[in-house]
Amino acid sequence: MASERPPIAVIGTGYVGLVTAAGFAQLGSEVWCVDIDTDKIARLERGEVPIYEPGLAECVVANRERLHFSDQLAPALEHSRLLFVAVGTPPTYSGDADLSAVHAVVDAMPVSDHHALIMKSTVPVGTGEAIKRILAERGKTGFSYVSCPEFLKEGDALDDFLHPDRVVVGDDGDWAGDAVVELYAPLSAPIVRTDVASAEMIKLAANAFLATKISFINEIANVCEETGADVVEVARGMGLDHRIGQSFLKPGLGFGGSCFPKDVSALKQLAGNSGYHFQLLTAVIEVNELQKRRVVAKLQKHLGSLVGRKIALLGLAFKPHTDDMREASSLVLAARLQADGAKVYAYDPVAEEVARSLLVGVEFATDALEALTGVDACVVVTEWPEFTTLDWSEAQARMSGTLVVDGRNCLEPSSVTAAGLVYEGIGRGAPE
Ligand SMILES: NC(=O)c1ccc[n+]([C@@H]2O[C@H](COP(=O)([O-])OP(=O)(O)OC[C@H]3O[C@@H](n4cnc5c(N)ncnc54)[C@H](O)[C@@H]3O)[C@@H](O)[C@H]2O)c1
């Protein structure tokens, strides 16, 4: 059965590309992976997985014979018709998406009458049309184009790939769209077959909506702090309404990562470039920026001036179970604390290697308790299970101060206060 699946290529072996490659290999496809990062390709060829993502290394090892890695496009073009594009689309200074990597891939395509580009990268609406126009202008009319945006979330990426809520396939109704639908068929997920522009917008709108939900509950949390309500209770009561749902109603230090900030900004700019002022997204972005800084005010409320204070940050990546530091709240927090004269100590279970180059002047610890030793206060920045189950009595014995700021509302407040520490969450009413 496995041999009936067509071979595919994946261009770009980052978080999305490598997960896509490993996932399709797991489903039985031969996968030809390409990346311009020769060091990354060399590591992958040696069997090393350069990023941390639960289950990914095991999946790559288990499907090793079906995964081929190269820094050249030629083997991918030779062996597969379906070329999945998963290169980065980071923000430019203007907040638009930087499509230079996508265009580098398009530019490298040969004249062909049997290949298809399948866009997994998140791109502005209109990108597919523009790429088709460019290919046509260069006499490469034989190329098919499919928009197949990716919805996986880091930390659960492989599981999300194998159990998607839906698969979106935007195309012109030719062989390539049918082939992509067939590739995903074993996952039994609902398929949204639509046009290219709508597929592109589904991805941007989905991320913008989730980001809006986060900024909304963060604002509710901030009002709870002023009024004495507990946002955890409020979110539970709201989320049980099936029209609202529980997910993404967890207040905290704001959203980060490689997707939400850039995709919200890209949608806002896309709207602006098209003549529409997307007011809601402007507020979503501003609320998120302010949310990262509110923790500093919480620390000042308890400690007064932060000059010379020792503060520990637990968790550095933008969320648990990943080493991705892109747009992580810890970057803003550490910089703000240092600017206010504090000495910052930090620990992350998997992100230290990446974080070291970004958090200059921060002292790294090898575990959470070491990070807490001698500090005036600690901030739980991401909700790693090892922080939620930390021995707070031991923490209390190590700390010189008593303040614990729970930036993700992931701790049981009584387990912290029972150890003689002061608990301060997000939106959980006034502290004792
Ligand atoms: N990371 C996520 O959680 C996530 C989720 C959904 C969608 N996306 C989207 O998927 C895309 C990829 O994101 P990512 O997080 O995997 O990025 P990444 O930065 O981790 O990986 C991109 C890879 O593409 C490679 N690359 C760049 N130019 C290339 C070229 N011309 N040819 C071959 N390889 C090239 C880079 O070397 C890098 O390895 C982005 O558009 C992103 O918005 C990301």
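> Mind laying out the sheet that holds strand 14 (residues 422-424), listing which residues take part and the relevant values?
What the 6 strands build is an open sheet, ordered 11-10-9-12-13-14; its pairing is parallel. Edge strands, defined here as strands with exactly one partner in the open sheet, are strand 11 (363-364) and strand 14. Contacting strand 9 (310-314), strand 12 (377-380), strand 13 (403-406) and strand 14, helix 12 (residues 279-303) runs over the sheet at an angle of about 160° to strand 13. The strands that helix 13 (residues 329-339) touches are strand 9, strand 10 (343-347) and strand 12; relative to strand 9, the one it contacts most, it runs at about 180°.

> Any details on the site of the ligand? Residues and values, ideally.
Close to the ligand lie 26 residues; D35, K40, T89, E154 and K262 are nearest. Between D35 and the ligand, the recorded distance is 2.6 Å, taken from a side-chain N or O atom to an oxygen atom. Between E154 and the ligand, the recorded distance is 2.7 Å, taken from a side-chain N or O atom to a nitrogen atom. Protein chains shield 88% of the accessible area of the ligand, which is 830 Å² for the free molecule. Residue assignment for the shell around the ligand shows that the elements contributing at least two residues are helix 1 (15-26) and helix 5 (100-107). Of the residues forming the shell around the ligand, the biggest block, 3 residues, is contributed by helix 5. Classifying every residue of the shell around the ligand by side-chain character gives 11 nonpolar, 7 polar and 8 charged.

> Report on the nonpolar core, specifying residues and quantitative values.
The nonpolar side chains of soluble globular proteins are, as a tendency, buried together. Residues F24, V31, F84 and Y184 are the most contacted members of the largest nonpolar core, which totals 40 residues. Counting 37 residues, the second largest nonpolar core, distinct from the first, contains F318, L337, A355 and V379.

> Describe the side chain of S215, with residues and values.
Relative to the assigned elements, S215 resides in helix 9 (residues 196-227). The class for S215 is buried, based on a relative accessible area of 3%. When near neighbours in sequence (up to four residues on either side) are disregarded, S215 contacts F255, V284, V287 and N288.

> Account for empty space enclosed by the protein, with residues named and values stated.
Inspection of the entire model under this criterion finds 2 cavities of 30 Å³ or more. Of the voids in this model, the largest cavity is the one considered here, and its volume is about 40 Å³. Residue lining of the largest cavity: M119, S121, T122, V123, S147, P149, A199, E200 and K203, and that is the complete set. With 3 residues, helix 9 is the largest single contributor of residues to the lining of the largest cavity.

> Give me the lowdown on helix 10 (residues 231-239), citing residues and values where you can.
The complete set of buried residues in helix 10 reads V231, A235, M238 and G239. Around the axis of helix 10, the buried residues are gathered within 90° of arc, so they sit on the same side. Considering only its buried residues, helix 10 is in contact with helix 9. The N-terminus of helix 10 is capped by D230, whose side-chain oxygen sits 2.9 Å from the backbone nitrogen of V232.

> Which residues make up the pairing of strand 7 (residues 167-170), and what values go with them?
In summary, the side chains of a regular strand alternate between the two faces of the sheet. Burial of the side chains of strand 7 extends over both faces: V167 and V169 are buried on one face and V168 and G170 on the other. Examined bridge by bridge, strand 7 and strand 8 (residues 191-194) share 4 bridges and lie parallel to one another. Each bridged residue has a counterpart across the sheet, and for G170 the counterpart in strand 8 is T194.

> Which residues make up helix 1, and what values go with them?
Along its 12 residues, helix 1 runs 16 Å from first to last C-alpha, staying within 8% of the 16 Å computed at 1.5 Å per residue. Counting buried positions along helix 1 yields 10 of 12 residues, so the element is predominantly enclosed. Taken residue by residue, helix 1 has Y15, G17, L18, V19, T20, A21, A22, G23, F24 and A25 as its buried positions. With its phi angle positive at about 110°, G28 sits one or two positions after the end of helix 1.

> I'd like a description of the packing of aromatic side chains, backed by residues and values.
Under the counting rule described, the total for this entry stands at 8 aromatic pairs. Look at F248 and F260: their rings are 6.0 Å apart centre to centre, the planes differ by 45°, and that puts the pair in the tilted class. Here the residue F248 occupies a position in the loop between helix 10 and helix 11 (260-273), and F260 occupies one in helix 11, the gap between them amounting to 12 residues. Its relative accessible area of 13% is what places F260 among the buried residues. Following the ring pairs from residue to residue traces out a cluster consisting of F24, F84, F161 and Y184. Taking the ring centre of W175 as reference, the NZ or CZ of R81 above it sits at 4.0 Å. Between R166 and the ring centre of F151, over which it is positioned, the NZ or CZ distance is 3.6 Å.

Parameters and conventions
Residues numbered from 1 in each chain as written. Predicted model: local features only at pLDDT ≥ 70, side-chain atom pairs only at ≥ 80, totals over all residues. Heavy atoms only, no water. Pairing = 2+ DSSP bridges. Helix = DSSP H or I, 4+ residues; strand = E, 2+ residues; numbered from the N terminus. Contact = heavy atoms within 4.5 Å. Axes fitted to C-alpha atoms, helices over the stretch in contact; angles between N-to-C directions. Near = heavy atom within 4 Å. Polar contact = N/O pair within 3.5 Å; in protein donor to acceptor, adjacent residues only side chain to side chain. Areas by Shrake-Rupley, 256 points an atom, 1.4 Å probe, with all protein chains shown as cover. Nonpolar A, V, L, I, M, F, W, Y, C, P; charged D, E, K, R; others polar. Core = buried A, V, L, I, M, F, W, Y, C linked by side-chain atoms within 4.5 Å. Buried < 20%, exposed > 50% of the residue type's maximum accessible area, 1.4 Å probe, protein only. 1 Å grid on protein atoms, 1.4 Å probe; cavity = no way out; pocket = protein on both sides within 12 Å on 5 of 7 lines; lining within 4 Å. Points joined across faces, edges and corners; volume = space filled by probe spheres on them. Arc of directions from axis to C-beta. Expected span 1.5 Å × (residues − 1). Phe/Tyr/Trp six-rings, centres within 6.5 Å; stacked < 30°, edge-to-face > 60°. Lys NZ or Arg CZ within 6 Å of the ring centre and 35° of its normal.

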